[in-house]
Amino acid sequence: MLTVVLAGLRGRWASFVGGFTALALGVGLVTVMGLGLSATVGADERAPVRFASSPVVVQGQDRLAVEVKRGPNTAVATAPLDRPQPVDAELLRELRARWTVTTNGPLDAVGVEGPADEVRALVRRVTGEAAGGHSAPGADRAGARNETGNETRNETRNEARNKARNGARVLTGAERRAVDPEAARDARALVTLNALLGTSGGVTAFVSVFVVASTFAFAVALRRREYGLLRTAGATPGQIRRLLLTEATAVGVLASAAGCALGAWGAPRLARALVDGGVAPAWFTVTASTAAWPYHAAFWTGLAVAVAGALAASRRAGRIGPTAALREADVDADALPRGRALCGAALLLGGLGLLVWTYATDPSELLKRKTYTTLPMPLITGVALLSPALVRPLARAVRLPERLTGATGMLVRENSAAAVRRTAAVAAPVLVTVALAGTLLGASGTVGAARAAESARQPAGAPTSLFVRDGAEALVKYGARAVSGTAAPAGLDDGSIVVTEEFERHRVGDTVEIWRADGSGPVRLRVAGVLPRGAGGNDPLVTPANAPGVGTPRGAPERAHAAPAPAPSPGRPGGSSQTRLGLALVLGIALLYTVIALANTLLMATSARAPELASLRLAGATRAQILRTVAYEALLATALGAVLGLAVCALCLGTLSAGLAALGAPVTPSVPWAALAKTGAVCAAVAAVGAVLPAWRLTR
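S.K.: I tried to follow the overall build of the protein chain on my own but got confused; where do I start?
M.R.: Looking only at helices and strands, one finds 20 helices and 13 strands in the protein chain. Within the protein chain, buried positions represent 48% of all 700 residues. When contacts within the protein chain are restricted to residue pairs at least 6 apart in sequence, long-range pairs at least 24 apart make up 80% of them. Summed over all atoms, the accessible surface of the protein chain reaches about 30700 Å², with 61% contributed by carbon and sulfur.

S.K.: What is the right way to read the pattern of salt bridges from this model?
M.R.: Opposite charge on two side chains allows them to pair when their charged atoms are near. Tallying each qualifying case throughout the model produces 19 salt bridges. Between Glu94 and Arg125 there is a salt bridge, with its nearest N and O atoms 3.5 Å apart. Linking Glu94 in helix 3 (residues 89-98) with Arg125 in helix 4 (residues 116-131), this pair joins segments that are 31 residues apart in sequence. Each of Arg422, Arg609, Glu612 and Glu633 takes part in salt bridges that share partners, so that together they form one network.

S.K.: Looking at this model, I keep getting lost on the packing of aromatic side chains. Mind explaining?
M.R.: The geometry of two aromatic rings is summed up by the distance between their centres and the angle between their planes. All chains considered together, the criterion is met by 2 aromatic pairs. The interplanar angle of 90 degrees and the centroid separation of 5.1 Å between the aromatic rings of Phe299 and Trp300 together place this pair among those described as edge-to-face. When its relative accessible area of 19% is taken as the criterion, Phe299 is described as buried. Using a relative accessible area of 53% as the deciding quantity, one classes Trp300 as exposed. Geometrically, the ring pair formed by Tyr478 and Phe503 is stacked, given 4.5 Å between the ring centres and 20 degrees between the ring planes. Highlighted residues: Tyr478 in strand 8 (residues 474-482) and Phe503 in the loop between strand 9 (496-500) and strand 10 (511-515), separated in sequence by 25 residues.

S.K.: Please explain the packing of helix 16 (residues 420-457) against helix 20 (residues 673-698) as it appears in this structure.
M.R.: Geometry of a packed helix pair, given as the angle between the helix axes and the separation of the axes. With their axes 10 Å apart at the nearest point, helix 16 and helix 20 run at an angle of 165 degrees to one another. When the axis of helix 16 is compared with that of helix 20, the two are roughly antiparallel. The two elements helix 16 and helix 20 meet at a crossing, and its hand is right-handed. Where helix 16 approaches helix 20, its residues Val430, Thr433, Val434, Ala437, Gly438 and Leu441 are matched on the opposing element by Ala675, Leu676, Thr679 and Cys683. Of the residues in the contact of helix 16 with helix 20, the class split is 7 nonpolar, 3 polar and no charged.

S.K.: Would you take a moment to explain the pairing of strand 7 (residues 462-470) for this structure?
M.R.: Where a strand is regular, its side chains alternate between the two sheet faces. One ladder, built from 9 bridges, connects strand 7 with strand 8; its direction is antiparallel. Along strand 8, the bridge assignment pairs Arg469 with Leu475. Remark: 3 residues form the turn of the hairpin made by strand 7 and strand 8, two consecutive strands paired antiparallel; Gly471 in that turn has positive phi of roughly 65 degrees.

S.K.: Can you walk me through the nonpolar core in this structure?
M.R.: The nonpolar side chains of a soluble globular protein tend to be buried, and buried together. Residues Leu193, Val207, Leu274, Leu367, Leu436, Tyr593 and Val648 are the most contacted members of the largest nonpolar core, which totals 88 residues. Ignoring any residue separated from it by four or fewer positions in sequence, one finds Tyr593 in contact with Ala22, Leu25, Gly26, Leu29, Thr204, Val207, Ser208 and Val211. Judged by nonpolar contacts, the second largest core, of 16 residues, contains Tyr478, Ala480, Ala482 and Leu525.

S.K.: Would you take a moment to explain a nonpolar patch on the surface for this structure?
M.R.: Where nonpolar side chains cluster on the molecular surface, the patch consists of Leu349, Leu352 and Leu651 and spans about 250 Å² of accessible area. Within the secondary structure layout, Leu352 lies in helix 11 (residues 338-361). Take Leu352: its relative accessible area is 31%, and that puts it in the partly exposed class.

S.K.: How should the environment of Met377 be read in this particular structure?
M.R.: Structurally, Met377 is set in helix 13 (residues 376-385). The spatial distance from the C-alpha of Met377 to the C-alpha of Leu436 is 8.3 Å, given a sequence separation of 59 residues. Among residues more than four places away in sequence, those in contact with Met377 are Val203 and Phe206.

S.K.: Help me out: how do you make sense of the side chain of Thr679 in this one?
M.R.: Among the structural elements, Thr679 can be located in helix 20. Its relative accessible area of 10% is what places Thr679 among the buried residues. Separated by 2.8 Å, the side chain of Thr679 and the backbone oxygen of Ala675 make a polar contact. Contact partners of Thr679, with chain neighbours within four places excluded, come to Thr433, Val434, Ala437 and Leu591.

S.K.: Looking at this structure, how should I read a positive patch on the surface?
M.R.: Together, Arg241, Arg242, Arg315 and Arg319 make up a positively charged patch on the protein surface. Positionally, Arg319 belongs in the loop between helix 10 (293-318) and helix 11.

S.K.: Is there a simple way to explain the packing of helix 18 (residues 610-618) against helix 19 (residues 623-662) in this structure?
M.R.: Between helix 18 and helix 19, whose axes approach to 10 Å, the crossing angle comes to 140 degrees. When the axis of helix 18 is compared with that of helix 19, the two are oblique. Here the hand of the crossing between helix 18 and helix 19 comes out right-handed. Across from Leu613, Leu616 and Arg617 in helix 18, the residues of helix 19 making contact are Arg623, Ile626 and Val630.

S.K.: Help me out: how do you make sense of the environment of Ala22 in this one?
M.R.: Of note, Ala22 is situated in helix 2 (residues 13-40). Among the residues examined, Ala22 registers a relative accessible area of 0% and is labelled buried. Spatially, the C-alpha atoms of Ala22 and Ile596 are 6.7 Å apart, while their sequence positions differ by 574 residues. Beyond its immediate stretch of four places on either side in the chain, Ala22 contacts Val211, Val212, Tyr593 and Ile596.

S.K.: Please explain the sheet that holds strand 4 (residues 101-102) as it appears in this structure.
M.R.: The strands making up a sheet associate through hydrogen bonds between their backbones, and the pairing can be parallel or antiparallel. Sheet architecture is open: 4 strands sit in the order 4-5-1-6, paired in antiparallel fashion. Pairing within the sheet leaves two strands with one partner each, and these edge strands are strand 4 and strand 6 (169-172). With 2 bridges joining them, strand 4 and strand 5 (residues 109-112) adopt antiparallel strand pairing. Residue pairing across strands places Thr102 opposite Gly111, the latter belonging to strand 5.

S.K.: How do you make sense of the confidence of the model for the protein chain when you look at a structure like this?
M.R.: Do not read the predicted coordinates in detail wherever pLDDT is low. Averaged over the protein chain, the pLDDT score is 79; the fraction of residues at 70 or greater is 83%. Below a pLDDT of 50 lies the segment residues 130-155, which in the model reaches 27 contacts outside its immediate sequence neighbourhood of four places, other chains included. The low-confidence segment residues 551-575, where pLDDT is below 50, has 79 contacts with residues more than four positions distant or belonging to other chains.

What counts, and where the lines are drawn
Residues numbered from 1 in each chain as written. Predicted model: local features only at pLDDT ≥ 70, side-chain atom pairs only at ≥ 80, totals over all residues. Heavy atoms only, no water. Helix = DSSP H or I, 4+ residues; strand = E, 2+ residues; numbered from the N terminus. Buried < 20%, exposed > 50% of the residue type's maximum accessible area, 1.4 Å probe, protein only. Contact = heavy atoms within 4.5 Å. Areas by Shrake-Rupley, 256 points an atom, 1.4 Å probe, with all protein chains shown as cover. Salt bridge = Lys/Arg side-chain N within 4 Å of Asp/Glu carboxyl O. Phe/Tyr/Trp six-rings, centres within 6.5 Å; stacked < 30°, edge-to-face > 60°. Axes fitted to C-alpha atoms, helices over the stretch in contact; angles between N-to-C directions. Parallel < 35°, antiparallel > 145°, perpendicular 65-115°, else oblique. Left-handed = near helix turned anticlockwise from the far one by under 90°. Nonpolar A, V, L, I, M, F, W, Y, C, P; charged D, E, K, R; others polar. Pairing = 2+ DSSP bridges. Core = buried A, V, L, I, M, F, W, Y, C linked by side-chain atoms within 4.5 Å. Patch = residues over 30% accessible without salt bridge, like charges linked within 9 Å, V, L, I, M, F, W, Y side chains within 5 Å. Polar contact = N/O pair within 3.5 Å; in protein donor to acceptor, adjacent residues only side chain to side chain. Lys, Arg positive; Asp, Glu negative; His and termini not counted. Charge placed at Lys NZ, Arg CZ, Asp CG, Glu CD. pLDDT = per-residue confidence, 0-100.

Okay, structure coming up:
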């Protein structure tokens, strides 16, 4: 068996070049993503900078901690403030009276030359004294004076407990890095980097499985006569299947090893590109020896992809009978087996059902990057599996240009409709790339445009934040705007708020309990107006009295269930260079795979058409006519793939637009026509060259 496999690999090396290249590239990219993710682990343990010489750092309040319910018990949920508050003046005096205190920049943190245990004890004592009967600085004393009796005393005690819970923190060791100016920015960058690498790795795995499986399936279709001869010579179906799986294993081992080497070479270069693009922190680096697990994960994943991609093809090859050795016709009567049809229909219907279910249950989910990146994949795969049944009627329905209405036009149309496997194999990678480009860029642009339109409609004001307890289980942080004067909507005053429909209590006249941007509160405000939930560009509105300081506007609300506080979400889709770089990376991977798949498929398909092309020459066709015919066939198959990809894109963007309308957001569909045109042009050029070059060689 091994001798036959090695002889087959040597004799049919051209048939395996595309699959080998696609698999090696996929393994290399997975290795790069894994090394990048591994490099982010422990990245926040870098040495402190601001107070590197101080053994202990006392930091002012930098997060809000609020009691919430966890079943029958209670827990403390936290959320980060926009900026740390200064260290309490009384605490600072006590620290200076006992130890040497270092200030480096603003007084949100100070370095202390004292034993950590004693510093903690002092902080607890001072905080405890504050909790014993003093209200928190910045608390709403005006609101408390308006209350009487027990309510006033209860609010004072609540403020005192908040002061005790949200007091200063004592940091030692690597924790001291939390007060470095770039710590929060680096943390956000690492979150964005992890999301980017994870998404890119997922798309890489999806496209590589798709391309490798398609390559093996098409190679089996081209080798029907070979397998028929083996069956005639006495080979059993099991031997045919083992032959194909052994070939796939050999290719998988070699390609995976090459991919790991490629990943080790590319990981440091990708890290530099991410740093230059502003996605990763300036200090971020990746080396080939970062960790061993990415190599193991990539190698065994690549081998599994190769075997899995050949598994379905091997079953089909095992069903080829001895009579296939006598077949010469290129008409594909069984291009869509029952198993492939059922799988494609299930994926297509499942993808449609998932779209409808998401729209019906929570339209806001459609606006999230993770959602509009993954939802198209079942649809793309389903349409690609069903493509042999779709390309034939589409090819016959195409109206060719006037100059192709003669014999050449008839040959192009009929060959495309008859050789369904070849046409579908060329159309499938184009379908994947066009659909991904249209849905990712279109969804990002549509959501970004909706949010920009919402923000433009809001009154001008200073950005701030506020915190609301969602029910009794969660603490939610919202970006808000502080407006005053003529910019303030009617009815908004220091005792009221304009909320969005995301708030649990969002009826005019309701009372909402909030904490301000500096952590002071809680404050009870009356709902003076309600804004639609929208696409995330509608912010709650308060007056400057409820917006101490100037905060940084945030995107989607963050839910904090337990300490430590979650990192802020990355920038809004379509609104940052990091997002654009991430989308460019994902689509670049898809386009690269498409180029490989097109070139490999057309090289194999056209090389197998030598008898057909010779017959055309004998029938009187000139060499130029033959070259034009194969080029037009490749272009027609590319166009059919683009049409199917646009159909998937239209379905996804249409559902997204319906979701925006349901949320009350402005709907401005953004179709990336320029990117789609460039993608189509690249695919068409590669397809034409991939078909003409082997035809030119065969017709010399």
